[in-house]
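Residue-level structural notes
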Amino acid sequence: MLTTTAGAVTGNQNNSGELLIEMEVRKIVVVVEEEEVARTAMVWALHNVLRFGDLVTLLHVFPANRKKIRLLRLKGFQLALSFKDMCVHSFPNTKIEIVVTEGDEEGGRIRDFTRQIGASTLVVGLHDQSFLYRLAMAHKNIANNFNCKVLVIKQPASPLTTTRPTLSDSSTGLDFSQIDISTLRYYYSYF
């Protein structure tokens, strides 16, 4: 029997003595938003986080509005379908589910959903109106609120320049993993 300390990989021998290795299925939640950085975060996650057998949940949370609930739900589903197309294009055999739900602007619904399904990773694109800023102001330690790894992807300023975090980037004292991809290179053809 083979077992790692993290428990993510286990192995047993079958009747013919061959070692069968089983990988734990990780649940990765990607926040779907209309911001370009959300698409960038999705592409980054596809190439750097996703592995065969993982379950990707594309989560779109729209604001509460009883008069426009059907329209907001439809727009959110269409947006999530465009993210699904990116997944299928890069990883054809990826298990993908789409969840479009009503919620608050402070990220409470996202937090509750990641906890409810037992997500291992939450991938978010960071922008000026991100729920993470509001959540950070309301709670001291937002990483503990999610009970999973939170990967925050920041849009590169320009492909020709590199940026370093400034005082304004760290002034909120956020305690999540922020990945500045401006110094990383990735290639994709579907944007």
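Our subject is the structure that appears above.
In this convention, every chain numbers its residues from 1, walking through the sequence in written order. Reporting of local features is limited, given that this is a predicted model, to residues whose pLDDT is at least 70; pairs of side-chain atoms are given and counted only at 80 or more, and all residues count toward the totals for whole chains, interfaces and linings. Neither water nor hydrogens contribute to the side-chain values; these are computed over all heavy atoms in the structure.

This part covers the overall build of the protein. Starting at the N terminus, helices and strands are each numbered in turn, a helix being any DSSP run of H or I of at least four residues and a strand any DSSP run of E of at least two. When you go through the protein residue by residue, the secondary structure sums to six helices and nine strands. Three labels apply to residues, based on accessible area from a 1.4 Å probe with only protein chains included: buried if under 20% of the type maximum, exposed if over 50%, partly exposed otherwise in between. Going through the 191 residues of the protein one by one, you find that 40% of them count as buried. Only the protein chains shown count as cover for residues, with accessible areas throughout obtained via the Shrake-Rupley method and a probe of 1.4 Å. Summing over all exposed atoms, the protein offers an accessible surface of approximately 11400 Å²; the carbon and sulfur share of this is 51%.

We note that Asn147 has phi near 60°; this positive angle belongs to a residue other than glycine. Within the secondary structure, Asn147 is located in the loop between α5 (142-146) and β8 (149-154).

As a rule, the C-alpha atoms of each element are fitted with a line to give its axis, helices using only the stretch in contact, and angles between N-to-C directions run from 0 to 180 degrees. For the pair helix α1 (residues 36-48) and helix α2 (residues 69-90), interaxial distance at closest approach is 10 Å and the crossing angle is 30°. Comparing their axes, α2 and α1 come out roughly parallel. When the axes of α1 and α2 are compared, the crossing they make is right-handed. Touching Ala38, Arg39, Met42, Val43, Leu46 and His47 of α1 are Leu79, Ser82, Phe83, Met86, Cys87 and Ser90, all from α2. What sets the label is the angle itself: under 35 degrees gives roughly parallel, over 145 gives roughly antiparallel, 65 to 115 gives roughly perpendicular, and the rest give oblique. Each helix crossing is assigned a hand: it is left-handed if the near helix lies turned anticlockwise from the far helix by less than a right angle, otherwise right-handed if that turn is clockwise. Contact definition: two residues touch when any of their heavy atoms are within 4.5 Å.

Once that is clear, we can look at helix α3 (residues 108-117). Among the residues of α3, Gly108, Ile110, Arg111, Phe113, Thr114 and Ile117 are the ones counted as buried. Gly118 lies just past α3 and shows a positive phi near 70°.

A word on the environment of Leu59. Inspection of the secondary structure assignment puts Leu59 in strand β5 (residues 55-63). Taking the relative accessible area as the measure of exposure, Leu59 reaches 0% and is therefore buried. Sequence separation of Leu59 and Glu97 is 38 residues, and the distance between their C-alpha atoms is 8.6 Å. Those residues in contact with Leu59 that lie beyond four places of it in its chain are Val29, Val30, Val31, Val32, Val99, Thr101, Ile110 and Phe113.

A carboxyl oxygen of Asp or Glu within 4 Å of a side-chain nitrogen of Lys or Arg is what we treat as a salt bridge. A full pass over the atoms with the stated rule returns four salt bridges. As a salt-bridge pair, Asp54 and Arg26 come within 2.6 Å of each other at their nearest N and O atoms. Note that Asp54 is positioned in the loop between α1 and β5 and Arg26 in the loop between β3 (19-23) and β4 (27-31), a separation of 28 residues in sequence. The shortest N-O distance in the salt bridge between Arg51 and Asp54 comes to 3.6 Å. Residue class for Arg51 comes out partly exposed when judged on its relative accessible area of 25%.

With that settled, the discussion passes to the environment of Ala38. With respect to the helices and strands, the residue Ala38 is situated in helix α1. What makes Ala38 buried here is its relative accessible area of 0%. With 114 residues separating them along the chain, Ala38 and Val152 place their C-alpha atoms 9.7 Å apart. Residue contacts for Ala38: discarding those within four places in its chain leaves Val31, Glu33, Phe83 and Gly125.

Grouped together as the largest cluster of nonpolar side chains are 23 residues, with contacts concentrated most on Val30, Met42, Leu58, Phe83 and Val123. Sorting the residues of this core by element identifies β4, α1, β5, α2 and β8 as the ones contributing at least two each. Of the residues forming this core, the biggest block, seven residues, is contributed by α1. Ignoring any residue separated from it by four or fewer positions in sequence, one finds Phe83 in contact with Val31, Val32, Glu33, Ala38, Arg39, Met42 and Leu58. What is meant by a nonpolar core is a set of buried Ala, Val, Leu, Ile, Met, Phe, Trp, Tyr and Cys residues, joined one to another through side-chain atoms within 4.5 Å. Counting residues in each nonpolar core, the second largest holds 18 residues, with Val29, Val31, Val99 and Phe146 among its members.

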